[in-house]
Amino acid sequence: MSSSAPQETGRQRLWSVDEHLADVLAAIRPLEPIELQLLDAQGCVLVEDVTVPVALPPFDNSSMDGYAVRVADVQGASEEFPAVLTVIGDVAAGSGELPTVGPGQSARIMTGAPLPPGAEAVVPVEWTDGGTGGGAASGMTPASAAPEGAAGEVRVHRAAEARAHVRARGSDVQAGDLALAAGTVLGPPQIALLAAIGRGTVRVRPRPRVVVLSTGSELVQPGEPLAAGTIYDSNSFALAAAARDAGAIAYRVGAVSDDADTLRATIEDQLIRADLLVTTGGVSVGAYDVVKEALTSVGGSGGSGGSGVSGGSGGSGEEDVQGGGVDFRKLAMQPGKPQGFGSIGPDHTPLLALPGNPVSSYVSFELFVRPAIRALMGLPDVNRPSVRAELKADKALGSPAGRRQFLRGKYDAGSGTVSPVGGSGSHLIAALAHADSLMVVPEDVTSVEPGAELEVILLG
């Protein structure tokens, strides 16, 4: 994104988007590593290299259901002149004691079972008569139904080369190999690898615990009837879902009324389970902007507590409205001009206070809260990916001078174009639901013509 110089609006400084984000990230440090069980570590970031203790697979094994044979015994075999071998037993996955395959012998073998001594290859059951004395088999007779199938004779209709259908020991990874490097995010494939090499626990940075609170006496929980002058609380649901999407463990707190004492008590109650607090609403200049009022007497600023705040640059004297450990500021952006950031409570838990309009709140989350969550996780890349795209629109898009505008868009990767979705109003949540990107209009641009190139932040 392009940067802009700090501006002044009366006595209050107007922060740029980049300055505010830098201030947030400078105050966030990764959470301390802990040892977690594998499934609990999903989505977390490794803090140490993991090496392979034993080869994988740990022994030569069959990749097919069939018969373990010696190559010389099936050389030249065909349907007209099959190789007739004595079946000396079964080798199932998990078998311990293995039969030795001698000249003219074979053993029934199942997928994943260890290759028995003396055998050099595996012929699939479809290349044989399955021990029935008939034509080509389509499968094996279950051992439980016909245990005698593990004995007798089998006719092999095709030759096999040495090591055919055999997975070699260590063909996946060798003992001492690097399995996963520090910094790896553990998804399902990585969890599978850790389990396959015998790791029951792993040392990671935990997923941050994010508590989301929305404020406003007008807010009603979805599913309840609306009274006159009330609306449903969508912000806390949107931001809790966004926090989960970013990799956090999210706790959504129901809407808090416009009462400073109630909000203060709620915040203090939530500190016990929060690595990061996010509020929405109550940060502007109205008479009922309760977040500002409540945070004037909640826990100190700065410091380097265990919750991940190492102290931000904070405000600049009289230029910022101080609220305990939270600075309330105005940003040169649209939507999302009013913002708050700081730390509260005995552990200096980081808090980001977002505006209450739904689109303002969500855009602010994407720009500032998501990077903070990713920084707590110890990820090097904290921002959403962005691309350059050509504006596809019927008319030019207007943007206020001196403000970086974020417009909802629909990105078409095939054509490299982006189209606006809905208007610029910060209350238009329906348009947000149909957008997959944010179009960025720089501070020094007031009009973007169709066909112009824009930066596009991808949300999916």
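Residues numbered from 1 in each chain as written. Predicted model: local features only at pLDDT ≥ 70, side-chain atom pairs only at ≥ 80, totals over all residues. Heavy atoms only, no water.

Student: Is there a simple way to explain the overall build of the protein in this structure?
Tutor: For the protein, the count of helices and strands is eight helices and 31 strands. Scored against the burial criterion, the 460 residues of the protein give a buried share of 47%. Accessible surface, the protein: about 20000 Å² in total, of which carbon and sulfur atoms supply 51%. (Helix = DSSP H or I, 4+ residues; strand = E, 2+ residues; numbered from the N terminus. Buried < 20%, exposed > 50% of the residue type's maximum accessible area, 1.4 Å probe, protein only. Areas by Shrake-Rupley, 256 points an atom, 1.4 Å probe, with all protein chains shown as cover.)

Student: Any chance you could explain the packing of helix α4 (residues 235-246) against helix α7 (residues 358-376) here in plain terms?
Tutor: Interaxial distance between α4 and α7 falls to 10 Å at its minimum, and their mutual angle equals 30°. Classified by the angle between their axes, α4 and α7 sit roughly parallel to one another. The hand of the α4/α7 crossing is right-handed. Of the residues in α7, those touching α4 at N235, L239, A242, A243, D245 and A246 are P358, S361, Y362, F365, R370, I373 and R374. (Axes fitted to C-alpha atoms, helices over the stretch in contact; angles between N-to-C directions. Parallel < 35°, antiparallel > 145°, perpendicular 65-115°, else oblique. Left-handed = near helix turned anticlockwise from the far one by under 90°. Contact = heavy atoms within 4.5 Å.)

Student: So what exactly am I meant to see when it comes to the pairing of strand β9 (residues 105-109) here?
Tutor: Every regular strand shows the same layout, with side chains that alternate between the two sheet faces. With four of its five residues buried, β9 lies for the most part within the structure. The pairing of strand β7 (residues 66-69) with β9 spans three bridges and is antiparallel. Paired with Y67 across the bridge in β9 is R108. In this structure, strand β8 (residues 83-91) lies alongside β9, joined through four bridges in parallel fashion. Bridging from a neighbouring strand, V87 pairs with S106 of β9. (Pairing = 2+ DSSP bridges.)

Student: Sorry if this is basic, but what is going on with the pattern of salt bridges here?
Tutor: Two side chains carrying opposite charge are able to pair once their charged atoms lie near each other. Across all of its chains, the model carries 18 salt bridges by this definition. The salt bridge involving E48 is made with R199; its shortest N-O contact spans 3.5 Å. Remark: R199 occurs in the loop between α3 (188-196) and β14 (201-205) and E48 occurs in the loop between β4 (45-46) and β5 (50-51); sequence separation between them is 151 residues. Exposure remark for E48: the relative accessible area of 28% places this residue in the partly exposed category. The partner of D73 in a salt bridge is R70, with the nearest N and O atoms 3.6 Å apart. Connected through shared salt-bridge partners, D245, E366, R370 and R384 make up one network. (Salt bridge = Lys/Arg side-chain N within 4 Å of Asp/Glu carboxyl O.)

Student: Explain the packing of aromatic side chains here, please?
Tutor: Given two aromatic rings, one states the distance between the centres and the angle between the planes to describe the pair. Counted according to the given criterion, the structure contains zero aromatic pairs. Seen from the ring of W15, R13 lies directly overhead, with NZ or CZ sitting 4.2 Å from the centre. Positioned above the aromatic ring of W15 is the side chain of R329, whose terminal nitrogen or guanidinium carbon lies 3.7 Å from the ring centre. (Phe/Tyr/Trp six-rings, centres within 6.5 Å; stacked < 30°, edge-to-face > 60°. Lys NZ or Arg CZ within 6 Å of the ring centre and 35° of its normal.)

Student: Just checking my understanding: could you explain the confidence of the model for the protein for this structure?
Tutor: Regions with low pLDDT carry predicted coordinates that are not meant to be interpreted in detail. In this model, the protein carries a mean pLDDT of 86, and residues with pLDDT of at least 70 account for 87%. The spread of mean pLDDT over the elements of the protein runs between strand β20 (residues 321-323), the lowest at 33, and strand β3 (residues 34-37), the highest at 98. (pLDDT = per-residue confidence, 0-100.)

Student: How should the environment of G183 be read in this particular structure?
Tutor: Locating G183 in the fold gives a position in the loop between β13 (178-180) and α3. A residue is classified by how much of its surface remains accessible, and G183, at 37% relative accessible area, is partly exposed.

Student: Sorry if this is basic, but what is going on with α7 here?
Tutor: What sets the pattern is the α-helix's 3.6 residues per turn: residues three or four places apart point alike. Here α7 contains 19 residues, and its C-alpha end-to-end distance of 25 Å stays within 8% of the 27 Å for a straight helix at 1.5 Å per residue. In the structure, α7 departs most strongly from a straight axis at F365, where the bend amounts to approximately 45°. Here α7 lies mainly inside the structure; 17 of its 19 residues are buried. Backbone geometry just downstream of α7 places G378 in the positive-phi region, at approximately 85°. (Expected span 1.5 Å × (residues − 1). Bend = angle between axes of the 7 residues up to and from the residue.)

Student: I would appreciate a short explanation of unusual backbone geometry in the present structure.
Tutor: Glycine aside, the phi torsion of most residues is negative, and most peptide linkages are trans. For the bond running from L56 to P57, omega is -5°, close enough to zero to count as cis. As for its placement among the helices and strands, P57 is situated in the loop between β5 and β6 (61-62). Cis geometry is found at the peptide bond from Q334 to P335, where omega equals -5°. Residue position: P335 is located in the loop between β22 (333-334) and β23 (338-344). The backbone phi angle of R163 is positive, close to 75°, even though this residue is not glycine. Within the fold, R163 resides in the loop between β11 (153-156) and β12 (166-167). With a relative accessible area of 39%, R163 lands in the partly exposed category. Here the phi dihedral of H165 falls at roughly 55°; this positive angle occurs in a residue that is not glycine. Here H165 is to be found in the loop between β11 and β12. You can call H165 partly exposed: its relative accessible area is 25%.

Student: Sorry if this is basic, but what is going on with the packing of helix α1 (residues 17-26) against α7 here?
Tutor: Any two packed helices are characterised by the angle at which their axes cross and by the distance between the axes. In contact at an axis separation of 10 Å, α1 and α7 are set at 25° when each is read in the N-to-C sense. Classified by the interaxial angle, the pair formed by α1 and α7 is roughly parallel. The handedness of the crossing between α1 and α7 is right-handed. Counting all contacts with α1, which are made through V17, H20, L21, V24 and L25, the residues of α7 involved are L367, F368, P371, A372 and A375.

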